[in-house]
Amino acid sequence: METWSVEQVCNWLVEKNLGELVHRFQEEEVSGAALLALNDRMVQQLVKKIGHQAVLMDLIKKYKQKSQELKSPGSPREAARVLQVEAAPERNVKHVLARNKALQWTKSYVLPEFPYDVKCMLAEQKCPDHSMRIRIIEFLQADMTKYLEGSLYPTTQQYNDVVSALLQAHPFLDEDGGGFFLWKRALKDRFKYVRRPIEDDEQVLRNKCKFGHRRGQTRKSLADTRFDEMKTVQIKKEAVYLDSEVDEHINWFQQEYVKTEKDWREVDRRMSQTLEIRRKLISSRTPLKDILQMFPFLKCPYQMFREFQLLTRTDIYKKTRHILESYSENILASFSLVDNPINIALQEKVKQHTDEDTLKHMKMTAMCLLLPDVFGEDPSLFVILNEKVQVSTPVLEVKNPFNRDVCEFSLYLEKERLTKVDDCVTALASLIAAFHVFGIQCPRKLSQTLNFLETLIFDEHSP
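Draft legend 1. Quick look at the pairing of strand 3 (residues 408–413). Counting buried residues in strand 3 gives five out of six residues, a clear majority hidden from the surface. Here strand 3 hands over to strand 4 (residues 416–421) after two residues, with E414 in that stretch at a positive phi of 55°.

Draft legend 2. Structural detail: the packing of aromatic side chains. Scanning the entire structure with this criterion turns up 10 aromatic pairs. Ring geometry for Y159 and F191: centres 5.9 Å apart, planes at 85°, overall edge-to-face. In this pair, Y159 is assigned in helix 10 (residues 156–169) and F191 in helix 11 (residues 179–195), connecting sequence segments 32 residues apart. Taken individually, Y159 and F191 each receive the classification buried, so the pair is uniform in this respect. For the ring pair Y327 and F452, a centre distance of 5.9 Å and an interplane angle of 90° mean the geometry is edge-to-face.

Draft legend 3. A look at the packing of helix 9 (residues 130–147) against helix 11. Viewed as axis vectors pointing N to C, helix 9 and helix 11 meet at an angle of 65°, and their least axial separation amounts to 9 Å. Considering the angle they form, helix 9 stands roughly perpendicular to helix 11. When you trace helix 9 past helix 11, the crossing you get is right-handed. Contact with helix 9, carried on its side by R133, I136, I137, E138, L140, Q141, M144 and T145, involves W183, A186, L187, R190, F191 and V194 of helix 11 and no other residues of that element. Of the residues in the contact of helix 9 with helix 11, the class split is nine nonpolar, two polar and three charged.

Draft legend 4. Spatial organisation of the pairing of strand 4. Of the strand pairs in this sheet, strand 3 and strand 4 are connected by five bridges, and their pairing is antiparallel. Among the inter-strand pairings, S410 is bridged to a residue of strand 4, identified as K420.

Scoring rules and cut-offs
Residues numbered from 1 in each chain as written. Predicted model: local features only at pLDDT ≥ 70, side-chain atom pairs only at ≥ 80, totals over all residues. Heavy atoms only, no water. Buried < 20%, exposed > 50% of the residue type's maximum accessible area, 1.4 Å probe, protein only. Helix = DSSP H or I, 4+ residues; strand = E, 2+ residues; numbered from the N terminus. Pairing = 2+ DSSP bridges. Phe/Tyr/Trp six-rings, centres within 6.5 Å; stacked < 30°, edge-to-face > 60°. Axes fitted to C-alpha atoms, helices over the stretch in contact; angles between N-to-C directions. Parallel < 35°, antiparallel > 145°, perpendicular 65-115°, else oblique. Left-handed = near helix turned anticlockwise from the far one by under 90°. Contact = heavy atoms within 4.5 Å. Nonpolar A, V, L, I, M, F, W, Y, C, P; charged D, E, K, R; others polar.

Here it is as structure tokens:
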């Protein structure tokens, strides 16, 4: 690189997805030797965008480190490996870079070193104004671009990792519990803004072509230009309207949830309107506490059942009641559970009652509690009796199971109580619905129990 001409440096910039800088480097006559002599201040004067500054400085640093390794006495195997990588086809180099990028993101993300004024604001825990938010987002975007070797297309999980790291380090930025969604949206918008003017990056052009951008035309007619401008303005207006509409729904949910008398018809209408954005957040692994903060009515069994029905077209409460009524008698009679404490408590209560409805309720409750034992699986992943909840997956806590007047079921999720009900049908239906509504994978040691229930709920075949 030390002997490169200005033209060779410009070709290198294009290969590294920094084609925007070619004109500036030509103006300043930056050769290979000048490129390696650039310091931080020179780079800031030469390159305007923070993301390009970070990528350029990182590439220069890596080249210098690589040169030192080659000059230092090392093993012949290491020298041969370096030569092999340099001589490999471009496709293999891209494969290695892609693999390195994937490995980098398997580790926990570390926030970058923010400027002094930003660090002072974060240390004082002051609510950032608009300009300060932009500065934070700009530095996060530049740091992510550096991690991704210049790529401007992070994955959803990478966005989640960065925003989670920011809010964990500075919880006060999570305003009213909806900060995760707002910071993530701002970061994605920043990447869109950086990608917009780029015309020589293969990945950017491929995505522009995919989503309807014109390619291969250097000049447009006046009518086409005006049409594109009007279309862009309309898209921006729709995006702003959509964002404000979602925010309005979230604020309404949070205010309505704390009221004593709730407008359930309006709740249903708004939950239906926000279903798509809610499913996108859940599928992208947004933290559950943020989901529940934005949509608190998901804590209500009725809304969980309604969400389940929208997703699967199945009335889970009706199906669960049918399962407990149809199978409780046979299961309790068919399996040897004599030494089980739940069965012992059931037999003692049965002796004290003769009412048919009460006996039916107790047997349904017993089946609900004994199902994991029937399949030889871990009952602590399903129901908890008089113990502390230790698992993060959905689990039921049960108190006074065979006393119909004071019986209490609580659904826990991530060791936090989500909802409390007083009958086993609603409790079991809520447990099954929670796995589907919140996109939670079934624990391996509970797979047969849940498979038995889901087979009957979805009428797949006779278990």
